[in-house]
Protein chains: 2
Amino acid sequence: MKRVDEIVKKLSDAGLKITPQRIAVMQSLVEAKTHPTAEETYRRVSQSIPGLSPTTVYNVLDAFVRNGIVNKVKTDAGAMRYDPVTDNHHHLYCESSDRMEDFHDPELDRLLEEYFQNKKIHGFRLKDVKLQIVGEFENSKK
Amino acid sequence: MKRVDEIVKKLSDAGLKITPQRIAVMQSLVEAKTHPTAEETYRRVSQSIPGLSPTTVYNVLDAFVRNGIVNKVKTDAGAMRYDPVTDNHHHLYCESSDRMEDFHDPELDRLLEEYFQNKKIHGFRLKDVKLQIVGEFENSKK
DNA sequence: TTTTAAATTGTACAAATTACAATTTAAAAA
DNA sequence: TTTTTAAATTGTAATTTGTACAATTTAAAA
C-alpha cells in the first residue's frame with residue numbers, strides 16, 4: 001500500500017502523530033480532487049471509520065492547515081474548503097456550481113513574480129499572490 | 001450634504017427604493033474603507049438608527065449585492081465582507097490581522113488581460129480574474 | 001391623499017464551526 | 001515489552017453567521 005505509506009510520511013514529516021483518522025482524512029482529501037468541505041470529508045471518511053466525530057474532522061483539518069500540509073480555500077458560497085495540494089497554484093472557480101479546480105501555470109507565476117518584484121506596495125510586505133479565475137466550466141456536471 | 005445625495009443617486013440608479021436604513025448602510029460602507037462584515041456594519045449603523053434589526057442589514061447588503069453596487073468578498077477568516085467599490089480591482093490581505101484593502105493597478109490589469117487572451121483553459125469559459133495579494137500591513141497593530 | 005408593492009422588523013431556525021471535559025491512544029521513556 | 005504522558009478523539013453544548021417567514025411599516029407611484 002504505497003499510498004498509505006506516502007501519507008504516513010507526509011504526516012510524520014509535518015511532525016504530526018499518526019492516527020487512523022488523520023490518515024483517512026488525508027487520503028480522502030487527496031483522492032477527491034474537488035477541494036471538499038469539512039462536512040463532505042466527514043461523510044466520506046465516516047464510511048471507513050464509523051463513529052468518527054465531526055469535531056475530529058475539524059480538528060484534523062485544522063492541524064493539517066497549521067502544519068502547512070493542507071490549504072484552506074474560501075469561495076463565495078457556504079463552507080470552507082480544503083486543498084491538499086500545497087505547491088504554488090491558483091484556482092478556477094465557477095460561481096453557479098460552486099465548483100473549484102486547481103490551475104497550475106509556471107509561466108503565469110513567472111510573469112507575476114517579475115511584475116511584483118519591481119512593484120512596491122506602500123506599507124505592505126508582500127508574501128504571496130493568488131489568482132481566483134472566475135468563469136464557467138463547460139461540462140458543469142458537478 | 002453632497003455625500004447623501006450621491007448615495008441616494010447611487011441607490012436610485014440601481015433601481016432601489018430609498019430608505020434611511022439603506023442610506024445609512026451605504027454611507028457606513030463607503031466611510032469604512034475596510035470592507036466591513038455585516039455584523040460590524042450593524043454595530044456602526046445602529047448608532048444612527050437605534051432599533052435597527054440585524055436582519056435588515058443582511059437584507060440591505062444582499063439587495064446591494066444583487067443590484068451590483070456592492071461586492072461580497074470572502075477572506076480566510078470568519079465572515080463575509082462587503083466592498084462598495086465595484087470597479088475592477090484586487091485585494092491586499094493580511095492573514096494575521098484579517099485586514100483587507102483595495103488594490104487598483106491598471107497596468108497589472110492590462111498585463112493579465114493580455115496574458116489570458118492568448119491562454120485557453122480547456123473546458124473553462126473565463127469571465128474574470130481576481131488577485132488576492134497576501135502579506136503583512138506594516139503598521140498593523142494586530 | 002390613497003394605494004400597494006416593497007422594506008423592515010422580530011422571532012425562530014439552520015448551517016458551519018468552536019469550546020470543553022472525559023476518554024482513549026500514539027509513541028517516547030523506562 | 002510495559003509504562004507513562006502528552007496529545008488526539010469524542011460527544012455535548014454553545015457560538016457565530018446567516019436565512020425563512022409572518023406581521024408591520026413605509027416609500028413612492030397613482
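Conventions used here
Residues numbered from 1 in each chain as written. Chains lettered and ligands numbered in written order. Predicted model: local features only at pLDDT ≥ 70, side-chain atom pairs only at ≥ 80, totals over all residues. Heavy atoms only, no water. Pairing = 2+ DSSP bridges. Helix = DSSP H or I, 4+ residues; strand = E, 2+ residues; numbered from the N terminus. Axes fitted to C-alpha atoms, helices over the stretch in contact; angles between N-to-C directions. Contact = heavy atoms within 4.5 Å. Domains from an automatic or database assignment. Buried area = accessible area lost by both parts, 1.4 Å probe. Salt bridge = Lys/Arg side-chain N within 4 Å of Asp/Glu carboxyl O. Polar contact = N/O pair within 3.5 Å; in protein donor to acceptor, adjacent residues only side chain to side chain. Nonpolar A, V, L, I, M, F, W, Y, C, P; charged D, E, K, R; others polar. Near = heavy atom within 4 Å. Least-squares fit on C-alpha atoms with pLDDT ≥ 70 in both.

Let's talk about the sheet that holds strand β3 (residues 90–94) of chain A
Step number 1: Taken in spatial order, the six strands of this open sheet run β4(A)-β3(A)-β5(A)-β5(B)-β3(B)-β4(B), and their pairing is mixed. Only two strands of the sheet have a single partner each, and these edge strands are β4 (99–103) of chain A together with β4 (99–103) of chain B. Across the sheet, the mean angle separating the axes of adjacent strands is 30° when strand polarity is ignored.
Step number 2: One ladder, built from four bridges, connects strand β3 (residues 90–94) of chain B with strand β5 (residues 124–137) of chain B; its direction is parallel. Among the inter-strand pairings, B:Leu92 is bridged to a residue of β5(B), identified as B:Ile133.
Step number 3: Lying over the sheet, helix α5 (residues 106–118) of chain A contacts β3, β4 and β5 (124–137) of chain A together with β4 and β5 of chain B, oriented at roughly 140° with respect to β5(A).

Comments concerning the domain arrangement of chain A
Residue and element names in this part refer to chain A.
Step number 1: Looking at the assigned domains, one finds that chain A contains domain 1 (2–83) and domain 2 (90–135).
Step number 2: Counting residues at the interface gives nine residues for domain 1 and eight residues for domain 2.
Step number 3: The largest per-residue losses of area from domain 1 upon contact with domain 2 belong to His 35, Thr 75 and Arg 81, which jointly make up 48% of the total buried on that side.
Step number 4: There are zero salt bridges connecting domain 1 and domain 2.
Step number 5: Here domain 1 is connected to domain 2 by three residue pairs in polar contact (both at pLDDT 80 or more).
Step number 6: Within the side of domain 1 that touches domain 2, the residues separate by chemical class into two nonpolar, three polar and four charged.

Some words on the protein's contact with DNA strand C
Step number 1: The environment of DNA strand C is formed by 18 residues, the closest being A:Ile18, B:Thr19, B:Gln21, B:Arg22 and B:Thr56.
Step number 2: Protein-adjacent atoms of DNA strand C, using a 4 Å cutoff, are sugar or phosphate at a proportion of 77%.
Step number 3: A distance of 2.3 Å is found between a phosphate oxygen of DNA strand C and a side-chain nitrogen or oxygen belonging to B:Thr56.
Step number 4: Elements with a contribution of two residues or more to the surface near DNA strand C: α4 (54–66) of chain A together with α2 (20–31) and α4 (54–66) of chain B.
Step number 5: Ranked by residue count, the leading element in the surface near DNA strand C is α4(B), at four residues.

Some details on the relation of the copies chain B and chain A
Step number 1: Mapping chain B onto chain A is achieved by rotating through 178° and translating by 0.1 Å along the same axis, at an RMSD of 0.3 Å. Seen this way, the second copy is the image of the first under a two-fold rotation axis. No C-alpha of chain B lies nearer the rotation axis than that of B:Leu131, which sits 2.3 Å from it.
Step number 2: A symmetric contact is evident, with 100% of the interface residues of chain B recurring at the interface of chain A.

Quick notes on the protein's contact with DNA strand D
Step number 1: Neighbouring residues of DNA strand D: 18 residues in total, closest A:Thr19, A:Gln21, A:Arg22, A:Thr56 and B:Ile18.
Step number 2: In DNA strand D, the atoms that sit within 4 Å of the protein are 76% sugar and phosphate, with bases accounting for the remainder.
Step number 3: A:Lys17 places a polar side-chain atom, nitrogen or oxygen, 3.2 Å from a sugar or linking oxygen of DNA strand D.
Step number 4: Between DNA strand D and A:Gln21 there is a distance of 3.0 Å, counted from a sugar or linking oxygen to a side-chain nitrogen or oxygen.
Step number 5: It is α4(A) that contributes the most residues to the surface near DNA strand D, four residues altogether.
Step number 6: Taken together, the residues of the surface near DNA strand D break down into seven nonpolar, eight polar and three charged.

Quick notes on the interface of chain B and chain A
Step number 1: Counting residues at the interface gives 35 residues for chain B, matched by 36 residues for chain A.
Step number 2: When the area that chain B buries against chain A is broken down by residue, the three leading residues are B:Lys74, B:Tyr115 and B:Phe124, summing to 20%.
Step number 3: The tally of links between chain B and chain A comes to six salt bridges.
Step number 4: One salt bridge in this structure joins A:Lys127 and B:Glu136, with 3.6 Å as the shortest N-O distance.

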